[in-house]
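As a plain string of letters, each chain reads:
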Amino acid sequence: MTRPLPFLALVVAAGCHPAAEAATATRADSAGIEIVSSTGTDRILDWPVTPSDTLYDPAADTVLVGEARMLSVAADAEGRLVFADGGFNDRRILRVGPEGALHQVGRRGGGPGEYQMLASVSSSPAGEILAGDYAKRAFLRFSPEDSVLSPIPWSAFGAGFAQDGGYADGGVLAIVQEMSESTSVRHIRLLRGSDTVDLAEVADGAPKQLMYQSCGVGFMGSPLFSPRPAWGGNGGAVALVSSGAYEIRVWQGGRLGRIIRRAVPVRAATRALAIQDLGEGFRITVGDRGPCLIPAEDIVAQQGYAGTIPAIRRIAMGTDGSLWVERWTIKGEPLLRDVFDPTGAYVGTLRGEIAWPQAWLPDGRYVSVGADADSLPVVVRYRVGR
């Protein structure tokens, strides 16, 4: 169901400050790889980001049953949406049908086409669904008509545990983590046909065993602010970050074609910033017990933090290859999203509380998931002005 919202334009900024006009992009070639470097200060964009309609609202719709933070959404080239909805015990895949109603794809269970511990969901441009299953240690696949396709085992990407994955650059991308008592390495790999391409490798700070007596839990963890991989893709390309620097590598056709850089100052990490970024701390639920809070001070004391704060937190790629790049700001600071055109040139920076694009649509709009007062998902479609 769609319901038009009253017109609400979020004006990001009033305009550009004079120094922003100095932002320029230079291009160079290095062994067939285009390097696009942007210098100068932020060029603040005044684009309005306008909600065009609400697709699902728990005040009127009961079809989505999980928490907003657990809802995963993807879109195909026709704009059809796919969701992974629910908690770990009742999670399911939902797709929007021709009439606009959601229907379930596959079912829970241990057989072919059935899922047990679903993670996120992805959709190819043609409408094929990919969903990670922690219990089966595989990516489950469904055709555009919802029939069951052969799964892709995580072993196809090498040893380790797949944390994330999706369709990109004509194949399937996976972030696979290998962890031991002394090392933790994440591999970003792309499976194209029968070929596996190594895109990047990220080594975490030395992991250690963390024990939080307040909640009676323990797990392995690396220092806060350790660089972590981030990626965004579409059917023809994938952009990824694999270090703490402001450097985005764009792969097309299974080869590295472009490196995008911005001259963003390195920011030193401190104990105060680590605590601020965690907010109240980490709230978890263990077994049948109610939620338990691990205070931020305890997390910082045990986990520690890296010497610098990574430049980039996450990336989203539009259907045309344009990029939104969210810089790593500390909780309570204004959000900063750098926008790049399909050629890798820096366009400007969106500043403020703007809904993050979780699924780009072919008409240039995007879908984002917010939360109501009860943490239930509110799915809204946005239009970006120029």
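Residues numbered from 1 in each chain as written. Predicted model: local features only at pLDDT ≥ 70, side-chain atom pairs only at ≥ 80, totals over all residues. Heavy atoms only, no water.

## A word on the sheet that holds strand β31 (residues 323–327)
Link 1 in the chain: Spatially, 4 strands are ordered β30-β31-β32-β33 in an open sheet, and the strand pairing comes out antiparallel. Both edges of this open sheet fall to β30 (312–317) and β33 (346–351), since each of them pairs with a single strand only. Across the sheet, the axes of successive neighbouring strands diverge by a mean angle of 20°, strand direction being ignored.
Link 2 in the chain: Examined bridge by bridge, β31 and strand β32 (residues 336–340) share 4 bridges and lie antiparallel to one another. Residue pairing across strands places Glu-326 opposite Arg-337, the latter belonging to β32. (Pairing = 2+ DSSP bridges. Helix = DSSP H or I, 4+ residues; strand = E, 2+ residues; numbered from the N terminus. Axes fitted to C-alpha atoms, helices over the stretch in contact; angles between N-to-C directions.)

## Concerning the pattern of salt bridges
Link 1 in the chain: If you walk through the whole model with that rule in mind, you get 24 salt bridges.
Link 2 in the chain: Residue Arg-95 is joined to Asp-146 by a salt bridge in which the shortest nitrogen-to-oxygen separation is 2.9 Å. Residue Arg-95 is located in strand β8 (residues 92–96), and its partner Asp-146 is located in the loop between β14 (138–142) and β15 (148–153); the two are separated by 51 residues in the primary sequence.
Link 3 in the chain: Assessed through its relative accessible area of 24%, Asp-146 is described here as partly exposed. (Salt bridge = Lys/Arg side-chain N within 4 Å of Asp/Glu carboxyl O. Buried < 20%, exposed > 50% of the residue type's maximum accessible area, 1.4 Å probe, protein only.)

## Quick notes on helix α2 (residues 296–303)
Link 1 in the chain: Every buried residue of α2 is listed here: Ala-296, Ile-299, Val-300 and Gln-303. End-on view of α2: buried residues confined to an arc of 95°, all on one side of the axis.
Link 2 in the chain: Close packing links the buried residues of α2 with β20 (208–212), β21 (217–221), α1 (271–278), β27 (281–285) and β28 (291–295).
Link 3 in the chain: Gly-304 sits one or two residues past α2 and shows a positive phi near 75°. (Arc of directions from axis to C-beta. Contact = heavy atoms within 4.5 Å.)

## Topic: the sheet that holds strand β17 (residues 171–179)
Link 1 in the chain: One open sheet accounts for 4 strands, arranged β16-β17-β18-β19; its pairing is antiparallel. Edge positions in the sheet fall to β16 (161–168) and β19 (195–203), since each has one partner strand and no second. Between one strand axis and the next, the sheet turns by 20° as a mean value, whatever way the strands run.
Link 2 in the chain: Pairing of strand β18 (residues 184–192) with β19, which is carried by 8 bridges, proceeds in the antiparallel orientation. Note on β19: the bridge partner recorded for Arg-186 is Val-202.

## Side note on the packing of α1 against α2
Link 1 in the chain: Two elements in contact, α1 and α2, have axes separated by 9 Å at closest approach and are oriented at 130°. It follows from the interaxial angle that α1 and α2 lie oblique. The handedness of the crossing between α1 and α2 comes out as right-handed. Contacts from Arg-271, Ala-274, Ile-275 and Leu-278 in α1 reach Ala-296, Glu-297, Ile-299 and Val-300 in α2.
Link 2 in the chain: Within the contact of α1 with α2, the residues separate by chemical class into 6 nonpolar, no polar and 2 charged. (Parallel < 35°, antiparallel > 145°, perpendicular 65-115°, else oblique. Left-handed = near helix turned anticlockwise from the far one by under 90°. Nonpolar A, V, L, I, M, F, W, Y, C, P; charged D, E, K, R; others polar.)

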